Amino acid sequence: MIHRSDDPRRRAILSGSAFEERIGYARAVVDGDRVHVSGTTGFDYATMTISDDVVEQAEQCLRNIGAALAEAGCTFADVVRVRYLLPDRADFEPCWPVLRRCFGEVRPAATMMVCGLADPRMRIEIEVDARLPAASDGPPRTVSSASG
């Protein structure tokens, strides 16, 4: 579902997460050629459930982010910045193989921060910024997805 503001260069992308309505934000915002994806947790928004396993949460985060990027018109190959937020730094390394599948070839600028998250079930949150491919860039590039 896409909602457009009066500015044709800006559009909000909603995932259907109950949090978007309760808090008042969008999963992603396309602003000109930039795509800003909000901090995304491992909730499956269709069922509003979350795994106890941090690696499964990371995989779901990336599926959620991938869907937002696709709706915006880009892929993980267009990501220029990623931020990882975790309450427990020991949970980061087990996620590396999953993260590498999406970002290993792309090599975005990255930051990992240890911080509290909104719900104690959340063990990882991922935020990305991407650049829409220019029309002259050809078809969207692809990078392996988080599912495989």
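These numbers were taken from a predicted model, which means no experiment stands behind them. (Residues numbered from 1 in each chain as written. Predicted model: local features only at pLDDT ≥ 70, side-chain atom pairs only at ≥ 80, totals over all residues. Heavy atoms only, no water.)

(A) How the structure looks around the environment of Gly116. Note that Gly116 resides in the loop between strand E8 (109-114) and strand E9 (125-131). Judged by its relative accessible area of 65%, Gly116 is exposed. Taking the C-alpha atoms as reference, Gly116 lies 8.2 Å from Leu85; in sequence the two are 31 residues apart. (Helix = DSSP H or I, 4+ residues; strand = E, 2+ residues; numbered from the N terminus. Buried < 20%, exposed > 50% of the residue type's maximum accessible area, 1.4 Å probe, protein only.)

(B) Molecular detail of the pairing of strand E7 (residues 79-86). Pairing of E7 with E9 involves six bridges; the strand directions are antiparallel. Bridge assignment links Tyr84 to a residue of E9, and that residue is Ile126. The pairing of E7 with E8 spans six bridges and is classified as parallel. Bridge pairing in E8 links Leu86 to Val114. (Pairing = 2+ DSSP bridges.)

(C) Local environment of the packing of aromatic side chains. Within this structure, the stated rule accounts for three aromatic pairs. An angle of 85° between the planes, with centres 5.9 Å apart, marks the rings of Phe92 and Trp96 as edge-to-face. Of this pair, Phe92 and Trp96 both sit in helix H3 (residues 92-103), four residues apart, roughly one helical turn. With a relative accessible area of 15%, Phe92 lands in the buried category. (Phe/Tyr/Trp six-rings, centres within 6.5 Å; stacked < 30°, edge-to-face > 60°.)

(D) Representation of the packing of helix H2 (residues 54-72) against H3 in the model. Axis separation between H2 and H3 bottoms out at 8 Å; the angle between their running directions is 20°. Classified by the interaxial angle, the pair formed by H2 and H3 is roughly parallel. Crossing of H2 against H3: the hand is right-handed. Contact residues: H2 offers Val54, Val55, Ala58, Glu59 and Leu62, while H3 offers Pro94, Cys95, Val98, Leu99, Arg101, Cys102 and Phe103. Here the contact of H2 with H3 is built from residues that sort into 10 nonpolar, no polar and two charged. (Axes fitted to C-alpha atoms, helices over the stretch in contact; angles between N-to-C directions. Parallel < 35°, antiparallel > 145°, perpendicular 65-115°, else oblique. Left-handed = near helix turned anticlockwise from the far one by under 90°. Contact = heavy atoms within 4.5 Å. Nonpolar A, V, L, I, M, F, W, Y, C, P; charged D, E, K, R; others polar.)

(E) Summary view of the pattern of salt bridges. Within the structure shown, the criterion is met by seven salt bridges. We note a salt bridge from Asp33 to Arg34, for which the minimum N-O separation is 3.6 Å. Exposure remark for Asp33: the relative accessible area of 38% places this residue in the partly exposed category. The residue Asp91 makes a salt bridge to Arg123 at a minimum N-O spacing of 2.8 Å. With Asp91 in the loop between E7 and H3 and Arg123 in the loop between E8 and E9, the pair connects residues that are 32 residues apart, well separated along the chain. Taking the relative accessible area as the measure of exposure, Asp91 reaches 10% and is therefore buried. Through salt bridges with shared partners, one network takes in Arg83, Glu127 and Asp129. (Salt bridge = Lys/Arg side-chain N within 4 Å of Asp/Glu carboxyl O.)

(F) Up close: H3. Buried residues of H3: Phe92, Cys95, Val98, Leu99, Cys102 and Phe103, and no others. Relative to the axis of H3, the buried residues are bounded by an arc of 125° and lie together on one face. Facing away from the buried side of H3, by more than 90 degrees, are the exposed residues Glu93 and Arg100. Taken together, the buried residues of H3 touch H2, E7, E8 and E9. (Arc of directions from axis to C-beta.)

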